[in-house]
Amino acid sequence: MKIVVIGGAGFIGSAFVRELNKRAIKPLVVDLLTYAGREENLRGTDHEFIRADVRSDEIHEIIKGYSPEVVINFAAETHVDRSIYKPQDFITTNVLGTVNLLEASRKFGFNYVHISTDEVYGEECGDEESPLRPSSPYSASKASADLFVKAYVRTYGIKAILVRPSNNYGPRQFPEKLIPKAIIRTLLGMHVPVYGDGKAERDWIYVEDTARIIYEVMERAKWRGEAYNIPGGQRYNVLDVMRMLGEVMGKEVKIKFVSDRPGHDRRYCMTTSLKYEVTPIKEGLRKTYEWYLNNKWWWEPLIGDKFFVEDEPWVASRS
Ligand SMILES: NC(=O)c1ccc[n+]([C@@H]2O[C@H](COP(=O)([O-])OP(=O)(O)OC[C@H]3O[C@@H](n4cnc5c(N)ncnc54)[C@H](O)[C@@H]3O)[C@@H](O)[C@H]2O)c1
């Protein structure tokens, strides 16, 4: 299969490249390498690489030259906190970048896999047909992109699907996100900032499971704009996750409660029409911890203020 992985140098995208390699597929990775995207994430994988912006005309030239059967899009601004401080890039990359790929699909006729998120459903539990109720600028940008995908399928007849994973964790996740932040800060003897009362519930899935399930979805997709939810089915609040992490690390995870994130969704709880097995959370947390413990070279260069937005508790409360 000839496949282009946009955003393949990020956390889930690079796990998906590894999944393709397991299946003897060598993809073309296209990524802008923003603060979250790093060539280190692709170390040891078999791929071609082009640095480019999903919003650019260059993307059309790249796709035209490569003639892929499938284009999968992981490229996005992904941190909810950053979307609250500065939403603009979320709109250009997540919405206009997607529309740029949809235009390319009209011209070149590939099958388009759009990576969305459970956050588009908001706090209401529901299935793949549930209404979209985004709360943050991040989830609003993701929901907007999803609507454009559906509109392009209906209006222009392009072939596309939407894939909505829940909260991912695992190796190579940028340390602004909860689990790597908690692991690294605990390894450094620092406290972990927790929003509000720490009872916000998320549905956790190990990143290698997500990568495998996305591939399985591609194999059975109808390409008519339908959505496939990928929940981990393991719903725990932040305090539960910190407790389990402490057990796995054999160290106390010191929590410091900080003021809640504005508009913070209390929970995500989508269901799915798919059938699959996932890694139990304790095992996934253990694998994740071991990876960060054994790969300090990966995260030590990131411990600098320039990698984190100013109001991020990671920086503000560093002592
Ligand atoms: N991480 C999660 O828990 C989670 C859950 C559900 C859905 N998702 C979705 O999965 C996708 C991947 O998420 P992730 O956690 O791997 O994100 P990430 O932030 O680790 O990676 C995003 C990647 O996109 C690239 N990128 C950003 N802007 C770009 C641009 N303008 N042009 C080209 N490349 C650009 C970055 O360089 C990076 O490699 C996103 O669409 C996200 O919304 C993530």
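Just above, that's the structure.
This one's a predicted model, so the numbers in the text were calculated from it and none came from an experiment.

J.: Would you mind going over the overall build of the chain with me for this structure?
T.: When you go through the chain residue by residue, the secondary structure sums to 11 helices and 12 strands. The C-alpha radius of gyration computed for the chain amounts to 19 Å, which stays within 12% of the reference 20 Å derived for 319 residues, consistent with globular compactness. Projected onto its principal axes, the C-alpha coordinates of the chain cover approximately 55 × 40 × 35 Å. Sorting the 319 residues of the chain into buried and exposed places 59% on the buried side. Of the contacts made within the chain by residues no fewer than 6 positions apart, 78% connect residues no fewer than 24 positions apart. Element-wise, carbon and sulfur atoms account for 48% of the exposed surface of the chain, whose accessible area totals about 13400 Å². On the chain, the mean spot of the 45 positive side-chain charges and the mean spot of the 45 negative ones are 1 Å from each other.

J.: Mind showing me how you'd approach the sheet that holds strand β5 (residues 111–115) here?
T.: Note on sheets: strands pair through backbone hydrogen bonds, and any given pair is parallel or antiparallel. Read from one edge of the open sheet, 7 strands run β3-β2-β1-β4-β5-β6-β10, paired in parallel fashion. In the strand order of this sheet, the two ends are held by β3 (48–51) and β10 (224–230), each with one partner. Put simply, the sheet's adjacent strands are angled 20° from each other on average, direction ignored. Where helix α2 (residues 58–66) meets the sheet, it contacts β1 (3–6), β2 (28–31), β3 and β4 (70–73), and its direction lies at approximately 180° from that of β2. Across the face of the sheet, helix α5 (residues 137–156) comes into contact with β5, β6 (159–165) and β10 while running at roughly 155° to β6.

J.: Just checking my understanding: could you explain the side chain of S136 for this structure?
T.: Inspection of the secondary structure puts S136 in the loop between β5 and α5. Classification of S136 by relative accessible area gives buried; the value is 10%.

J.: How do you make sense of the environment of Q88 when you look at a structure like this?
T.: Position of Q88 relative to the elements: it lies in helix α4 (residues 88–108). On the basis of relative accessibility, which here comes to 48%, the residue Q88 falls in the partly exposed class. Taking the C-alpha atoms as reference, Q88 lies 31 Å from Y236; in sequence the two are 148 residues apart.

J.: Help me understand the pairing of β2 in this model?
T.: The side chains of a regular strand alternate, residue by residue, between the two faces of the sheet. A two-sided burial pattern is seen for β2, the buried positions comprising L28 and V30 on one face and V29 and D31 on the other. Across 3 bridges, the pairing between β1 and β2 is parallel. Following the sheet pairing, V4 is matched in β2 by L28. Taken together, β1, helix α1 (residues 11–22) and β2 constitute a β-α-β crossover, and its handedness is right-handed. With 4 bridges joining them, β2 and β3 adopt parallel strand pairing. By the bridge assignment for β3, L28 is matched with E48.

Scoring rules and cut-offs
- Residues numbered from 1 in each chain as written.
- Predicted model: local features only at pLDDT ≥ 70, side-chain atom pairs only at ≥ 80, totals over all residues.
- Heavy atoms only, no water.
- Helix = DSSP H or I, 4+ residues; strand = E, 2+ residues; numbered from the N terminus.
- Rg over C-alpha atoms; globule rule 2.2 N^0.38 Å.
- Buried < 20%, exposed > 50% of the residue type's maximum accessible area, 1.4 Å probe, protein only.
- Contact = heavy atoms within 4.5 Å.
- Areas by Shrake-Rupley, 256 points an atom, 1.4 Å probe, with all protein chains shown as cover.
- Lys, Arg positive; Asp, Glu negative; His and termini not counted.
- Charge placed at Lys NZ, Arg CZ, Asp CG, Glu CD.
- Pairing = 2+ DSSP bridges.
- Axes fitted to C-alpha atoms, helices over the stretch in contact; angles between N-to-C directions.
- Right-handed = clockwise from strand over helix to strand, strands pointing away.

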